[in-house]
Amino acid sequence: LLLAVLCAIHHAEVVAHRVGEPYGTLVLAVAVTIIEVALIVSLMLAGGASANTLARDTVFSAVMIVCNGVIGLCLVVGGLRHGVLVFRVEGTSPALASLGALAGLALVLPSFTTTTSGPTYSGSQLAFAGFTSLALYSVFVFVQTVRHRDYFLPVGTDDTKAHAPPPARWIAWTSLGLLLVSLVGVVGLAKALAPALEAGVAAAGAPKAVSGVLIALIVLLPETGAALRAARGNRMQSSLNLALGSGLASIGLTIPVVAALSPWFPFPLVLGLRPIDIVLLMLTLVVGTLTLGSGRATVMQGAVHLVLFASFLFLTVVP
């Protein structure tokens, strides 16, 4: 599984280098989200009623991992190597705002609606949440790649001059094919590993949410590696594009697919977060706003995000 992840990282970076920024960051974000959706749906269909919270736990874990774990690691690694890291506020602010809106709509509001009992949406509410999530993500992709593409380019670099020449077209197409093969391998191997992970979680007496965290950690390994490499190269904007873009894709693509397939699930889909998770999500969004609101960051901000990430992991195991 780790070898398949490393292969996915390599080939995704080759494709990203060929297409340039910010299109390259979308390649891995969408690919990883496809893995996540396939894994969640297959495990929910096979897991029965006990898996009714798997989509919520995995999506929430993905948001916490990218917003605190990945961004925190990138700020620490990049800050130690380059001192002050710079990025474009006009690109990070709308991404974080969209992420907060999607997370609130998909993961927070179900805990407060009254049409159905429990932290669930009714059929019409779920359809509305899925449609709006997909619509908002589509608008973000349009802004990132067409309307305001320059907002998401690395600061102070020329993508055609700051790096080695892009690979030939045939190499990029070959890497794209091998990327798809690697991602399929990751899905299959992660699915094969999932029963052992769930058995281990049950044997350890840990909460069911730990399974969602482990799945999200496995699925997000390729993006984490690519984001860290960008941070080491003083391309913090690319790291943030990867992190925030994957968080947006995780909600904006996963929730609509799960909502569309919900009639085939033999149980109600639980999306609403627990109160402790809502507090962690709000802390993450507030700290993220402060970190990304100035266009400059250091190791200090990275340490704050890593503390939040450690708190998330600890409180998942010891709620």
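The preceding data block contains the structure.
Analysis parameters
- Residues numbered from 1 in each chain as written.
- Predicted model: local features only at pLDDT ≥ 70, side-chain atom pairs only at ≥ 80, totals over all residues.
- Heavy atoms only, no water.
- Salt bridge = Lys/Arg side-chain N within 4 Å of Asp/Glu carboxyl O.
- Helix = DSSP H or I, 4+ residues; strand = E, 2+ residues; numbered from the N terminus.
- Contact = heavy atoms within 4.5 Å.
- Axes fitted to C-alpha atoms, helices over the stretch in contact; angles between N-to-C directions.
- Parallel < 35°, antiparallel > 145°, perpendicular 65-115°, else oblique.
- Core = buried A, V, L, I, M, F, W, Y, C linked by side-chain atoms within 4.5 Å.
- Buried < 20%, exposed > 50% of the residue type's maximum accessible area, 1.4 Å probe, protein only.
- Polar contact = N/O pair within 3.5 Å; in protein donor to acceptor, adjacent residues only side chain to side chain.
- Phe/Tyr/Trp six-rings, centres within 6.5 Å; stacked < 30°, edge-to-face > 60°.
- Expected span 1.5 Å × (residues − 1).

*Asks:* Is there a simple way to think about the pattern of salt bridges in this case?
*Replies:* It is possible for side chains bearing opposite charge to pair when their charged atoms get close. Within this structure, the stated rule accounts for two salt bridges. The salt bridge partner of Arg274 is Asp277, with a shortest N-O separation of 2.9 Å.

*Asks:* How should the environment of Val32 be read in this particular structure?
*Replies:* When you line up the elements, Val32 lands in helix H2 (residues 23–47). It is 7.7 Å that separates the C-alpha atoms of Val32 and Leu183, two residues lying 151 residues apart in sequence. Excluding anything up to four places from it in sequence, Val32 contacts Val219, Leu220, Pro222 and Glu223.

*Asks:* How should I be thinking about the packing of helix H4 (residues 89–108) against helix H10 (residues 275–292) in this particular structure?
*Replies:* Geometrically, a packed helix pair is captured by the angle between its two axes and the distance between the axes. Where H4 contacts H10, the two axes come as close as 10 Å, and the packing angle between them is 170 degrees. As the angle between them shows, H4 and H10 are arranged roughly antiparallel. Note on element contacts: H10 touches H4 through Ile278, Leu281, Met282, Leu285, Gly288, Thr289 and Leu292, opposite Val89, Thr92, Ser93, Leu96, Gly100, Ala103 and Val108.

*Asks:* I'm lost on the nonpolar core in this one. Help?
*Replies:* Generally speaking, soluble globular proteins have nonpolar side chains that are buried together. Within the largest apolar cluster, 81 residues are counted, with the highest numbers of intra-cluster contacts made by Met44, Phe60, Met236, Ile251, Leu269 and Leu281. The greatest single-element share of this core, amounting to 14 residues, is contributed by helix H3 (residues 54–82). Residues within four places of Phe60 in sequence aside, it is in contact with Leu107, Leu273, Asp277, Leu280, Leu281 and Phe312.

*Asks:* Could you clarify how one ought to interpret the environment of Arg88 in this entry?
*Replies:* Structurally, Arg88 can be placed in the loop between strand S1 (85–86) and H4. Judged by relative accessible area, which is 23%, Arg88 ranks as partly exposed. Along the chain, Arg88 and Leu242 lie 154 residues apart, while their C-alpha atoms are 14 Å from each other. Looking at Arg88, its side chain comes within polar contact range of the main-chain oxygen of Asp150, at 3.4 Å.

*Asks:* It is not clear to me how the side chain of Thr120 should be interpreted in this structure. Could you clarify?
*Replies:* Here Thr120 is to be found in the loop between H4 and helix H5 (123–147). What Thr120 contacts, discounting residues up to four positions off in sequence, is Pro110, Thr113, Pro268, Leu269 and Val270.

*Asks:* Help me understand the packing of aromatic side chains, please; the structure alone is not making it clear to me.
*Replies:* The description of an aromatic ring pair uses the distance of the two centres, along with the angle that the planes make with each other. Under the defined criterion, the tally for this structure stands at three aromatic pairs. Centre to centre, the rings of Phe60 and Phe312 are 5.6 Å apart; their planes meet at 80 degrees, and the pair counts as edge-to-face. Linking Phe60 in helix H3 with Phe312 in helix H11 (residues 299–317), this pair joins segments that are 252 residues apart in sequence. For Phe312, a relative accessible area of 2% corresponds to the buried category. Taken together, the ring pairs connect Phe60, Phe309 and Phe312 into an aromatic cluster.

*Asks:* In this structure, what is going on with H3? I would like to understand it.
*Replies:* The α-helix advances 3.6 residues per turn, and as a result positions three or four apart in sequence lie on the same side. Counted at 1.5 Å a residue, the expected span for H3 with its 29 residues is 42 Å, and the 39 Å between its end C-alpha atoms agrees. Directly beyond the C-terminal end of H3, a positive phi value near 85 degrees is found at Gly83.

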